[in-house]
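Coordinates in review
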Amino acid sequence: MGKVETVKSLSKNSVKKEQYSLSSQEYLKLYYFMRLTREFEESILKLYRQGKIVGGAYTGNGNEATAVGSAFALEKQDYLFPMHRDMGAHLVKGQSLRHLMLQHLARGNSLSKGRDGTGHYADPRLRIYGNISHLAAMIPMAAGVALASKLRKEKVVALTYIGDGGSNVGDVHESLAMASVMKLPLILIIENNQFAYSTPVAKQKAMEKYSDRAMGYGIPGFTIDGTDIDQVYSTCKQAVERARRGEGPTLIESVTMRMHGHSAHDGAEYVPKTLLAEWKKKDPVHRIEKLLIEKKILTPTIKEEYEKKLFAELEDATQFAVGSPFPPGEEAAIGVYAD
Amino acid sequence: MANITYIEAISKGLWEEMERDKSVFLIGEDIGPFGGAFKVTKGFIQHFGEDRVVDTVLAETAILGAATGAAVVGMRPVAEIQFADFVTTGFSQLVNNTASIHYRWHVPCPMVVRLPSGAGIHGGPFHSRNPEAWFFHQPGLKIVAPSTPYDAKGLIKAAIRDNNPVLYLEHKRLYRHIKGEVPETDYIVEIGKGDVKREGRDISVITYGSMVHMALEAAEILQNEIGLSIEVLDLRSLMPLDTELIYSSVRKTGKVLIAHEDNITGGIGGEISALINENCFQYLDAPIKRIGAIDTPTPYSPPLEEFFLPNTKKVVVALKELAAF
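Note that the coordinates shown come from a computational prediction; the quantities given were computed from them, not determined experimentally.

**Some remarks on helix H2 (residues 64-71) of chain A**
Most of H2(A) sits inside the fold, with eight of its eight residues counted as buried. Considered for burial, the residues of H2(A) that qualify are A:Glu64, A:Ala65, A:Thr66, A:Ala67, A:Val68, A:Gly69, A:Ser70 and A:Ala71.

What follows is the structure, encoded as structure tokens:
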């Protein structure tokens with residue numbers, strides 16, 4: 001098949017994008033979470049190479065600003081439906097490294113009790129509902145949580161994500177069709193990270209921007225630089241506030257790059273080296289670090305202090321998880337039904 | 001007691017549960033002012049309002065996914081799929097997501113999916129499905145299939161109160177054809193409990209849904225014609241099955257006919273047969289017999305549909321063969 005011709009964006013950009021500023025303390029928090037996300041995933045890869053992770057290992061390298069900045073726009077009472085490249089969102093919403101590590105290591109004391117791995121768990125206490133592998137299947141569920149919020153008049157919003165590939169699955173369309181008509185408090189971020197496994201984004205869509213799809217639902221759509229923490233936070237905050245006001249869903253296309261393979265087994269030889277080199281310059285973790293140094297928010301002392309803290313937290317979580325037992329085999333037979 | 005139709009019994013059960021528990025709400029296509037394709041929810045939106053009777057866009061995955069999401073955060077949605085046939089559009093949501101939530105997340109998912117099912121109404125290939133076998137194979141779902149107004153009301157109430165996803169199969173042909181006594185007072189029919197609709201000594205007919213009535217007719221005919229004593233066991237719940245009741249009936253009669261309207265191959269009758277074989281082999285006096293629709297899509301033209309479906313006459317023939325064995 002030849003190159004897919006892209007149709008120029010039809011959006012008139014009639015929705016004004018508002019700017020929300022962040023305080024120094026908030027910037028530092030975002031920096032910490034982004035660093036923690038990056039280092040956590042590096043630890044996961046290390047454990048994978050050591051053969052300690054029995055299944056797949058996925059990272060969101062390149063997606064840290066999107067995951068962290070979007071979840072940062074939520075309040076405690078809001079619902080999060082993260083995908084597999086959004087480890088940073090789990091952390092921002094309050095998930096502990098110990099729990100995330102236990103999940104990856106399939107331990108009996110993990111939140112799923114070893115029934116599923118990685119970010120596939122729910123923690124109602126923190127209002128985090130992790131994905132299943134049919135990623136798009138979570139969008140109708142997130143819409144349902146948003147519907148419950150609307151019916152109960154709670155002013156609580158639901159934030160969820162999908163990839164450039166996953167966005168083509170029918171569930172996404174059905175959810176947006178429903179959420180837009182019902183004006184549900186739902187925010188969907190399409191994480192356009194250039195590749196769906198080995199398929200480049202040019203073979204996933206014929207329109208210019210994923211946000212063009214918003215027009216078809218009569219809802220606001222934005223395309224943003226997903227490596228820019230200010231843009232991510234500001235756009236998500238605007239969407240969250242709109243949702244909370246009862247004005248309905250927003251579709252945000254966050255343009256990033258999947259810097260690693262689809263999962264740890266995948267060398268991603270199909271990704272042009274030049275493309276990676278180009279995106280490397282926009283590494284979101286480096287970008288926020290540079291930004292905070294320029295703003296004189298991040299000092300060498302703070303950086304050192306943060307690194308000490310995050311490596312200690314990681315070491316603790318790894319030791320704790322590695323030392324935790326697998327579930328007893330016979331536990332497989334229980335819990336299919338609730339009492 | 002009131003003498004009401006099967007469809008009225010479903011409506012009454014839904015209404016009473018919505019009055020009883022504010023977390024119960026209805027979601028589906030055309031269920032609001034229109035009252036649903038079969039009018040099960042007629043008058044509901046006027047009484048309960050738009051926040052309890054949620055009309056949706058035409059999108060079954062969104063309906064089932066939204067119900068799942070709302071259930072996980074503490075509501076008790078009752079989703080109406082206009083015809084059971086269309087549940088296939090939301091199949092992934094139900095079998096991948098909904099069914100496994102409690103096992104993976106340790107969070108209850110209390111929701112009901114109402115599935116107007118069954119043939120014999122000239123609905124053709126796409127308005128006649130009996131979808132139970134697809135879901136019977138998926139751990140995590142409960143399935144009920146009432147045959148009488150009493151069971152219809154008691155089971156819809158039990159399904160709504162259950163902390164698991166329950167598929168509620170309501171047979172379209174029974175809607176206005178079957179009437180029965182139904183208490184006005186609150187009661188439930190426990191999920192997982194079958195019911196002997198007619199006691200007998202010679203042969204057990206294990207069945208559910210519309211076939212219960214054919215089995216009862218056949219039993220009456222054979223009693224009068226040749227003095228055969230047929231027991232009719234109405235499963236009512238397909239998942240979980242009331243295996244104790246099945247086995248006690250088999251131990252008594254020693255001969256078994258399993259009858260369902262769904263087509264034979266891969267139908268749940270095969271599983272019931274295997275269970276009896278494993279647990280009651282020494283009590284059997286004849287090979288287990290099955291009757292169901294033939295293995296084709298549901299045809300439209302009346303003579304074709306009649307040939308396709310099981311009926312009272314075919315049940316009588318099968319029972320006579322068993323009696324002669």
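**A word on the environment of B:Leu245**
Residue and element names in this part refer to chain B. As for its position among the elements, Leu-245 is in helix H9 (residues 243-253). Expressed as a C-alpha distance, the spacing of Leu-245 and Leu-309, which sit 64 residues apart in the sequence, is 27 Å. Leave out the neighbours within four places in its chain, and Leu-245 touches Gly-194, Asp-195, Val-196 and Leu-233.

**Side note on the confidence of the model for chain B**
Chain-level statistics for chain B give a pLDDT mean of 98 and a share of 100% at 70 or above. Per-element confidence in chain B ranges from a low mean pLDDT of 97 for strand E1 (residues 2-5) of chain B to a high of 99 for strand E6 (residues 142-144) of chain B.

**Section: the domain arrangement of chain B**
Residues and elements named next belong to chain B. Split into domains, chain B comes out as domain 1 (2-182) and domain 2 (195-324). For domain 1 versus domain 2, the distance between C-alpha centres works out to 26 Å. Between domain 1 and domain 2, the residue contacts involve 26 residues of the former and 26 residues of the latter. When the two sides are added together, the surface that domain 1 and domain 2 hide from each other amounts to roughly 2200 Å², 60% of it contributed by carbon and sulfur. Taken together, the links from domain 1 to domain 2 amount to two salt bridges.

**Things to note about unusual backbone geometry**
In this model, B:Met239 is joined to B:Pro240 through a cis peptide bond whose omega is 0°. Along the chain, the position of B:Pro240 falls in the loop between strand E12 (237-239) and H9. The phi dihedral of A:Gln194 falls on the positive side, at around 75°, and the residue is not glycine. Note on placement: A:Gln194 falls in the loop between strand E5 (186-192) and strand E6 (195-196).

**With respect to the interface of chain B and chain A**
Each side of the interface is counted separately: chain B has 41 residues, and chain A has 39 residues. Roughly 3200 Å² is buried in total at the junction of chain B and chain A, and carbon and sulfur atoms are behind 66% of that figure. Along the contact surface separating chain B from chain A lie one salt bridge. Note that A:Lys153 and B:Asp51 form a salt bridge whose closest N and O atoms lie 2.4 Å from each other. Counting every contact that joins chain B to chain A gives 18 residue pairs in polar contact (both at pLDDT 80 or more). Sorting the residues of the side of chain B that touches chain A by element identifies strand E2 (24-28), strand E3 (53-55), helix H3 (60-72), helix H4 (91-97) and helix H5 (101-105) of chain B as the ones contributing at least two each. The leading source of residues in the side of chain B that touches chain A is H3(B), at 10 residues. For the side of chain B that touches chain A, the per-class residue count stands at 20 nonpolar, 16 polar and five charged.

Conventions used here
- Per-chain numbering applies: the sequence of each chain, read as written, is numbered from 1 onward.
- Working convention: letters from A go to chains and numbers from 1 go to ligands, in the order in which they are written.
- Local features in a predicted model are, by the rule used here, given only for residues with pLDDT of at least 70; side-chain atom pairs are given and counted only at 80 or more, and totals for whole chains, interfaces and linings are based on all residues.
- In computing side-chain properties, one takes all heavy atoms of the structure into account and sets aside hydrogens as well as water.
- Partly exposed residues are those whose accessible area sits between 20% and 50% of the maximum for their type, while under 20% is buried and over 50% is exposed, using a 1.4 Å probe and protein chains only.
- In this text, helices come from DSSP runs of H or I with a minimum length of four residues, and strands from runs of E with a minimum of two, each type numbered from the N-terminal end.
- We call two residues contacting when some pair of their heavy atoms lies within 4.5 Å.
- Confidence of the predictor in every single residue is expressed as pLDDT, which spans 0 to 100.
- Domain segmentation is taken from an automatic or database assignment of domains.
- Put simply, buried area is the surface a 1.4 Å probe can reach on two separate parts but cannot reach once they are joined, added for both.
- Note on definitions: salt bridges are taken to be side-chain nitrogens of Lys or Arg within 4 Å of carboxyl oxygens of Asp or Glu.
- A 3.5 Å cut-off defines polar contacts: any pair of N or O atoms within that distance qualifies, except that in protein one atom must be a possible hydrogen donor and the other a possible acceptor, and neighbouring residues in sequence count only when both atoms are side-chain atoms.
- For this scheme, ten residues count as nonpolar: Ala, Val, Leu, Ile, Met, Phe, Trp, Tyr, Cys and Pro. Four count as charged, namely Asp, Glu, Lys and Arg, and the remainder, Gly too, count as polar.

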